[in-house]
Amino acid sequence: MADLATWQYPLIALLFIWGGFVRSGLGFGGAVLTLPFLLLILDEPLVFLPLIGVHLLLFSSLTVWQSHRADHSETTVNWAFVRWALMVMAIPKAIGVLGVITLPGTLISGFIFSIVTLYAISYILNRPIRSNNKIVDTGLIALGGYVSGTSLIAAPLVVPVAASRMPKEQLRDTLFALWFILVLVKLIAFLAAGVDMQWIHHLWLLPCATIGHVIGLRFHDYALQRDTALFFRVLGAGLLVVSVVGLGRLVLA
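The written sequence of each chain sets the order in which its residues are numbered from 1. In keeping with the predicted nature of the model, local features appear solely for residues at pLDDT of at least 70, side-chain atom pairs appear and are counted solely at 80 or more, and the whole-chain, interface and lining totals rest on all residues. Side-chain descriptors were evaluated using all non-hydrogen atoms of the structure, hydrogens and water having been removed beforehand.

1. Quick look at the overall build of the protein chain
Consideration 1: In this description a helix means any DSSP run of H or I spanning at least four residues, a strand means any run of E spanning at least two, and both kinds are numbered starting from the N terminus. Helix and strand counts for the protein chain come out as 10 helices and 0 strands.
Consideration 2: When its helices and strands are written in sequence order, the protein chain yields α-α-α-α-α-α-α-α-α-α.
Consideration 3: Two things to know: the radius of gyration comes from C-alpha atoms, and the globule rule equals 2.2 Å times the number of residues to the power 0.38. Since a compact globule built from 253 residues should have a radius of gyration of about 18 Å, the 17 Å found for the protein chain is in line with a globular shape.
Consideration 4: Viewed in the frame of its principal axes, the protein chain has a C-alpha envelope of about 50 × 40 × 40 Å.
Consideration 5: Expressed as a percentage of the 253 residues in the protein chain, the buried residues total 53%.
Consideration 6: Split by element, the accessible area of the protein chain, about 11,900 Å² in all, is 69% carbon and sulfur. Accessible area is worked out with a 1.4 Å probe on protein chains only. A residue is then buried under 20% of its type maximum, exposed over 50%, and partly exposed in between. Only the protein chains shown count as cover for residues, and all accessible areas are computed by the Shrake-Rupley method using a 1.4 Å probe.

2. Topic: helix α6 (residues 134-151)
Consideration 1: The span you would expect from a helix comes to 1.5 Å times its residue count less one. Between the first and last C-alpha of α6 there are 25 Å, a value that for 18 residues agrees with the 26 Å anticipated at 1.5 Å per step.
Consideration 2: When we look at burial in α6, the residues that qualify are D137, L140, I141, G144, G145, V147, S148, G149, T150 and S151.
Consideration 3: For this analysis, a polar contact is any N or O atom pair within 3.5 Å, provided that within protein one partner can donate a hydrogen and the other can accept it, and provided that sequence-adjacent residues contribute only side-chain to side-chain pairs. Taking the backbone nitrogen of I135 as reference, a side-chain oxygen 2.8 Å away marks N133 as the first, capping residue of α6.
Consideration 4: A positive backbone phi angle near 65 degrees is found at L152, which sits one or two residues after α6.

3. Section: unusual backbone geometry
Consideration 1: For Q198, which is not a glycine, the phi torsion comes out positive at approximately 60 degrees.
Consideration 2: By the secondary structure assignment, Q198 is in the loop between α8 (168-193) and α9 (202-223).
Consideration 3: Owing to a relative accessible area of 8%, Q198 belongs among the buried residues under this scheme.

4. Quick look at the packing of helix α5 (residues 105-124) against α6
Consideration 1: Axis geometry follows a simple rule: fit a line to the C-alpha atoms, using only the stretch in contact for helices, then measure angles between N-to-C directions, giving values from 0 to 180 degrees. Contact geometry of α5 with α6 gives a least axis separation of 10 Å together with a crossing angle of 130 degrees. Classified by the angle between their axes, α5 and α6 sit oblique to one another. Crossing of α5 over α6 shows left-handed handedness. Note on element contacts: α6 touches α5 through Y146, V147, T150 and S151, opposite I108, F111, I112 and Y119.
Consideration 2: As a working rule, the residues Ala, Val, Leu, Ile, Met, Phe, Trp, Tyr, Cys and Pro are called nonpolar, Asp, Glu, Lys and Arg charged, and the rest polar, with Gly in that last group. Taken together, the residues of the contact of α5 with α6 break down into 6 nonpolar, 2 polar and no charged. With respect to orientation, any angle under 35 degrees is reported as roughly parallel, any angle over 145 as roughly antiparallel, any angle of 65 to 115 as roughly perpendicular, and every other angle as oblique. Helix crossings fall into two classes, left-handed where the near helix is turned counterclockwise from the far one by less than a right angle and right-handed where it is turned clockwise. We call two residues in contact whenever any of their non-hydrogen atoms come within 4.5 Å of each other.

5. Structural notes on the side chain of Q8
Consideration 1: Along the polypeptide, Q8 turns up in helix α1 (residues 8-26).
Consideration 2: At 3.5 Å, the side chain of Q8 and the backbone oxygen of I41 are in polar contact.

6. Examining the pattern of salt bridges
Should the charged atoms of two oppositely charged side chains come close, the side chains can pair.
Consideration 1: By salt bridge we mean one thing: a side-chain nitrogen of Lys or Arg within 4 Å of a carboxyl oxygen of Asp or Glu. Applying the stated criterion across every chain yields a total of 2 salt bridges.
Consideration 2: One salt bridge connects D137 with R165, and the closest N-O pair in it is separated by 3.5 Å. In this pair, D137 is assigned in helix α6 and R165 in the loop between α7 (155-163) and α8, connecting sequence segments 28 residues apart.
Consideration 3: Relative accessible area serves as the criterion here: at 4%, D137 is assigned to the buried category.
Consideration 4: Among the ionic pairs, D173 bridges to R172, the shortest N-O distance being 3.3 Å.

7. Things to note about the confidence of the model for the protein chain
Consideration 1: Overall, the predicted model of the protein chain reaches an average pLDDT of 83, with 92% of residues at or above 70.
Consideration 2: Confidence of the predictor in every single residue is expressed as pLDDT, which spans 0 to 100. Ranking the elements of the protein chain by mean pLDDT puts helix α10 (residues 229-252) last with 76 and α1 first with 91.

8. With respect to α5
Consideration 1: Taking 1.5 Å as the rise per residue, α5 with 20 residues should run 28 Å; its terminal C-alpha atoms sit 28 Å apart, in good agreement.
Consideration 2: By the burial criterion, the buried members of α5 are I108, S109, G110, I112, F113, I115, V116, T117, Y119, A120, S122 and Y123.

9. Describing the packing of aromatic side chains
Consideration 1: Any pair of Phe, Tyr and Trp rings, taking the six-membered ring for Trp, is counted once the centres come within 6.5 Å. Such a pair is stacked with planes under 30 degrees apart, edge-to-face with planes over 60 apart, and tilted for the rest. All chains considered together, the criterion is met by 4 aromatic pairs.
Consideration 2: Taking the centre distance of 5.8 Å and the plane angle of 35 degrees together, the rings of W18 and F21 count as tilted. Note that W18 and F21 are positioned in helix α1 at a spacing of 3 residues, about one turn of the helix.
Consideration 3: Residue classification places W18 among the partly exposed positions, given a relative accessible area of 24%.

Structure follows, in structure tokens:
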């Protein structure tokens, strides 16, 4: 990020606050609802993916640990779902990780913006991807593994399947456990491939993510008691605009 203008750094800081809020508030979406905005500032996914991944490892493990301490009588993670999802995702995940390391950054950015456009439309219409069919569920999880491997934005594919298989009180922490394992594999692959992990930028972006994380924890308690459809419609509209602009920039570049 050495080539950024001075005014761009505060925008990145605000986006990491936003990402921390979404991640802890919803249990998913920290990447899918942040990465498109970051790519408008700097169109290099491999700069931001290591930063987002490390933050997810830290805050997901912290949140699950705190939840478990708060209620010893009942586990907050549905480990049966985690094991099943990992088995289905293993091969597609490996293919996706290989793709993000070897393919050009502009191609990955185009893929990310295209996927997010579909997610945004589903949010606006309040018709998220859903399935009650075991074969379709398996297909969504497998596709989620591939998308996770390429860009860390698999949540809208995985969440509907997870939500149909467990109480909502378990959903966030179960997803955190799944994301932790998936992201850990991706970060190990990054290290093995010599990808710059941007360690110096954690010094100023980690506090930003922490601020968002704390606010998100409060929002999660609120959201468990209320309908968040309007929240997702607004997010969908914003994401659609950003993704269309991002795709336009790639086409005109």
